[in-house]
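These are the residues of each chain, in order.
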Amino acid sequence: MPHLRLWLLALAPFAALGQIRVQPLDEPLSVSGELAELRNHHFHSGIDLRTGGTTGKNVYAVAEGWVRRIVIRPDGYGWALYLDHPTGHTSVYAHLESFSPEIWAYVRTQAERLGEYRLDLYPPRGFLTVPEGSVIGTSGNTGASGGPHLHFELRDQASEEILNPIPLGLRVPTPVAKPRLWARQNERWRPAGDSLSVSSWYDLAVTLPEQGFSVYVDDSLRAEWALSRWSFDVQRGADAGLALSLHSQQGVRGFLLHPTPTQPAPGWHVHLSLPNQPGRYRLTVNSGDSVVWSGPVRLQSRELRAVQPRKLLESESWSLELPAQALAWDQNLSFRAEDRRVVVAPDAAALKPVRYEWHPDQLADSLWDKTYLAVRDGRGSAKIPGTRIEGGIRFTSKTLGSGDVRVDTEGPECRFLRREPSGRVWIQVRDELDVEIVRASINGAWVWAYLDAKANALWVDAGSEIGQLELQVQDELGNLTTFTHIL
Ligand SMILES: [Zn+2]
């Protein structure tokens, strides 16, 4: 039988090629977030699978492989596993609550060896192997997730490009929601009516662009958008295409109908300028075989400037510098600054970091390293720690909006919450800024802890230990708190 065995060995990798052989959760699967969904600053790179509103569901390796990367962080993917498969794919499982005992033993050892609580580990290739369908962990709500779910994604191992897992075997229901066209008239976004009058093509946006859409003007194809495979360096395209004011007004994420002139977004397969002459046109927007919207559009005149020089906006004690081509398209920004406050309008998406500089007349010497800029735009807010420069403080951010300078000289505030029967000890940790764990120990011996940023709390794996728990936590400006509690 040697021939047959050889033949089977040769065939095995091909049989597995491109196949998700086991679903990552018990079936049936249900989707709460689609692939390529438009998020803040990125396209959703995976598919969010519901876990019944709870945590602790078994998560399965979709195919045989080995653990290539393990991440633990308070934000982003939280607890995440990256498995490499012999087929050349990587499967990613994020926001997990726990890892399998074998994986956890490795993580715990490495964390103690490094003395760190935020981990990004690459075990030696083949060190942690996982059989197809084995339980690699349990689902959770760690990191920047808005509720319990499993974020599942598939990548090409070599290029790290994001792939659509559905054609490769992920069994999820077909989405029922359909793309829709929105129009901005008199600064208000509304679902498009039978006919439209807009000042530019930028006043039109499509929601649910992830299902793909194409744009015809007077029956000729001008633009076609669909993301099927993409790399992380094109993620900024999400900001270039996002209709910001639609999101702030209606709470929906829409993608501008027109590819932006300065920063063409990824996913545009056909990318021609739409006619810029004022006049009447017939517009048709399709998604797949169905018509999203079709009708007459009256285009008023509005010039769109594609070339953007570097801009420097200044007031007495403030400046704002935008590098060349920093915005999706050129637009005039109003800049108002007074004392500790700065306001930029409109709150355009910056595709490159912009630099705010504050040159205060007076600031106590001890405070120069203790300031941050609390800045908010139509989508949300950010707190940007300052960097001291000659005669002032610089804040580097991608958020253009209204900002207030604040001073933080206090370390995080800590308070004992409870001890669970499992031995997990919860400590509340509050600060204006992001916090990180420097060290946790019981009677001087290092212990594992995890910061649950959403809960403003951390937990320590205390087991059945008694004695003195000591925690050192600090905020982004280096304000340190040492907290002790007798267990
Ligand atoms: Zn997700």
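Structure's up top.
From a predicted model like this one, the values you see are computed outputs, not experimental measurements.

A. The overall build of the protein chain, seen in detail. Tallying secondary structure elements over the protein chain gives 4 helices and 42 strands in all. In terms of principal-axis extent, the alpha carbons of the protein chain reach across some 80 × 75 × 35 Å. The 487 residues of the protein chain split such that 51% are buried. The long-range share in the protein chain, meaning contacts at least 24 apart out of those at least 6 apart in sequence, stands at 64%.

B. Inspection of the sheet that holds strand E14 (residues 180-185) at higher detail. Pairing within the open sheet is antiparallel, and its 4 strands lie in the order E15-E14-E17-E21. Only two strands of the sheet have a single neighbouring strand rather than two, namely strand E15 (188-191) and strand E21 (254-256). Taking each pair of neighbouring strands and ignoring which way they run, the sheet shows an average axis angle of 35 degrees. For strand E17 (residues 204-207) and E21, the ladder comprises 3 bridges, and the chain directions are antiparallel. When the bridges of E21 are listed, threonine 207 appears paired with glycine 254.

C. Up close: the pairing of strand E42 (residues 480-486). Across 7 bridges, strand E41 (residues 468-475) lies against E42 in antiparallel orientation. Note on E42: the bridge partner recorded for valine 473 is threonine 481. Hairpin remark: E41 followed by E42, antiparallel, with 4 residues in the connecting loop; positive phi at glycine 478, about 80 degrees.

D. Seen up close, the coordination of the zinc ion. Those protein atoms acting as donors to the zinc ion are His44 (NE2), Asp48 (OD) and His151 (ND1), and they sit at 1.9 to 2.1 Å. Taken in sequence order, the residues that donate to the zinc ion follow the motif H-x3-D-x102-H. Of this pair, histidine 44 sits in the loop between strand E3 (42-43) and strand E4 (47-50) while histidine 151 sits in strand E12 (residues 149-156), placing them 107 residues apart in sequence. Across the pair, histidine 151 and histidine 44 agree in class, each one buried.

E. Highlighting the packing of aromatic side chains. Counting across every chain of the model gives 18 aromatic pairs. Ring plane angle 55 degrees and centroid distance 6.2 Å describe the contact between tyrosine 450 and tryptophan 459, whose orientation is recorded as tilted. Summarising the burial analysis for this pair, tyrosine 450 and tryptophan 459 share the class buried. Among the aromatic residues, those joined into a ring-pair cluster are Trp79, Phe99, Trp104, Tyr117, Trp446, Trp448, Tyr450 and Trp459. In this structure, arginine 69 is placed above the aromatic ring of tyrosine 82, and the distance from its NZ or CZ to the ring centre is 4.7 Å. Just above the ring of tryptophan 459 sits the side chain of arginine 424; from NZ or CZ to the centre is 3.5 Å.

Definitions and limits used
- Residues numbered from 1 in each chain as written.
- Predicted model: local features only at pLDDT ≥ 70, side-chain atom pairs only at ≥ 80, totals over all residues.
- Heavy atoms only, no water.
- Helix = DSSP H or I, 4+ residues; strand = E, 2+ residues; numbered from the N terminus.
- Buried < 20%, exposed > 50% of the residue type's maximum accessible area, 1.4 Å probe, protein only.
- Contact = heavy atoms within 4.5 Å.
- Pairing = 2+ DSSP bridges.
- Axes fitted to C-alpha atoms, helices over the stretch in contact; angles between N-to-C directions.
- Donors = N, O, S within 2.8 Å, 3.2 Å for Na, K, Ca; no water.
- Phe/Tyr/Trp six-rings, centres within 6.5 Å; stacked < 30°, edge-to-face > 60°.
- Lys NZ or Arg CZ within 6 Å of the ring centre and 35° of its normal.

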